[in-house]
Amino acid sequence: MSQFDESKAYASQEDVFFDDGRETELLRFIYDKPDIDEIRGSPEKVLAAIDEYGRTQKYLMNVGEDKGKIVSNLIAEVKPQTMVELGGYIGYSCILFGNAVRKAGGKRFWSLERDPVFGAVIIALVSLAGLSDVVKVEIGSSDASIKRLYDSGTLKHIDLMFLDHYKPAYKTDLKLCEELKLVTPGSVLAADNVIKPGNPPYLEYVRSSVAEKREAITKSNGESGPDARFADKTAGQYAKRQGQEQLHLSQGNPNLIYKSELVNSFEPTGVPDGVEITRCVGEES
Ligand SMILES: C[S@@+](CC[C@H](N)C(=O)[O-])C[C@H]1O[C@@H](n2cnc3c(N)ncnc32)[C@H](O)[C@@H]1O
């Protein structure tokens, strides 16, 4: 793993680090820039302006340059026709990966974001970056959005999925995608924040054998709340707006065979983190 370049570190993460007005402040920061006309139509310049805000103004919970590069390289390798991200925030990963999907010849990048204000910021910045032809933003809870897009025939298969939303929902949303056959052999998953704050239930699931997953179904207790292994802060991250979270319960498809590896990297602040890259390589009958 390469060293973190401290000169590009974001401001440190505060106790309250999102949903305090900084997301709309970011829009003003970018649109007030004297070179706004040169930023228009350039994904790279929009990303640079977001990074400048994160470094000089306030922390933003973006994937950042280092982990972003891992997923961008994966996009160049997988060449997804359709990529889905769970959790868009202000659109950093959406612009970075939507641009990479377009460059790789892909057709669609879906950003599923629950918060309507964050969703509006994503739409504004995607438009500024000139990516509205490839990127579509779906506002609503990820499980409901996945089902809605599937039911309408809009989303038929996921070639590559970036998971970066409510940590306890990584596993439950993956199982929903398996059940709907959106994730099948050939699909690839990239899960953020598997070190900070960590995601033991998700890592256990994608690293399990088919036999272990079949066995786990027989022991499932049908609870719809977050797994007890998550810290309270992680389990309650969105409690201000959501109250008690309800997770979609699905048996998924335990017969899918995954090959999974951790790639170590850094948060944009320089704090160590990692991305779990999981490839669905087959299905047992
Ligand atoms: C870490 S941020 C995403 C950062 C973004 N991927 C990036 O790197 O630029 C997590 C986002 O997930 C959203 N979110 C949380 N739970 C969600 C859910 N169940 N469905 C959709 N979005 C969700 C939050 O509102 C927040 O904007």
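Residues numbered from 1 in each chain as written. Predicted model: local features only at pLDDT ≥ 70, side-chain atom pairs only at ≥ 80, totals over all residues.

Identification of the protein chain as catechol O-methyltransferase from Cladosporium halotolerans is taken from an unreviewed UniProt entry. In its Sequence similarities (unreviewed entry) section, the UniProt record describing the protein chain reads: "Belongs to the class I-like SAM-binding methyltransferase superfamily. Cation-dependent O-methyltransferase family." (UniProt positions renumbered as here; feature names shortened; annotations may be inferred.)

> Now, about helix α4 (residues 64-78): what can you tell me, with residues and values included?
With 15 residues, α4 ought to run about 21 Å at 1.5 Å a step, and its terminal C-alpha atoms sit 21 Å apart, in line with that. Residues of α4 that are buried include every one of G64, D66, K67, G68, V71, L74 and I75, and no others. As for α4, its buried residues are in contact with β1 (82-86), α5 (92-103), β4 (160-163), β5 (188-191), β6 (256-266) and β7 (272-283). Following α4 by one or two positions, K79 adopts a phi angle in the positive range, close to 50°. (Helix = DSSP H or I, 4+ residues; strand = E, 2+ residues; numbered from the N terminus. Expected span 1.5 Å × (residues − 1). Buried ≥ 20, exposed ≤ 12 C-beta atoms within 10 Å, placed from the backbone. Contact = placed C-beta atoms within 7 Å.)

> With reference to specific residues and values, describe unusual backbone geometry.
The omega torsion across K196 and P197 is 5°, close enough to zero to call that bond cis. A positive phi is found at D19, a non-glycine position, where the angle reads about 60°. Turning to its location among the elements, D19 is positioned in the segment before α1 (22-31). Of the residues examined, D19 has 14 C-beta atoms within 10 Å and is grouped as partly exposed. Phi is positive for K79, which is not a glycine, with a value near 50°.

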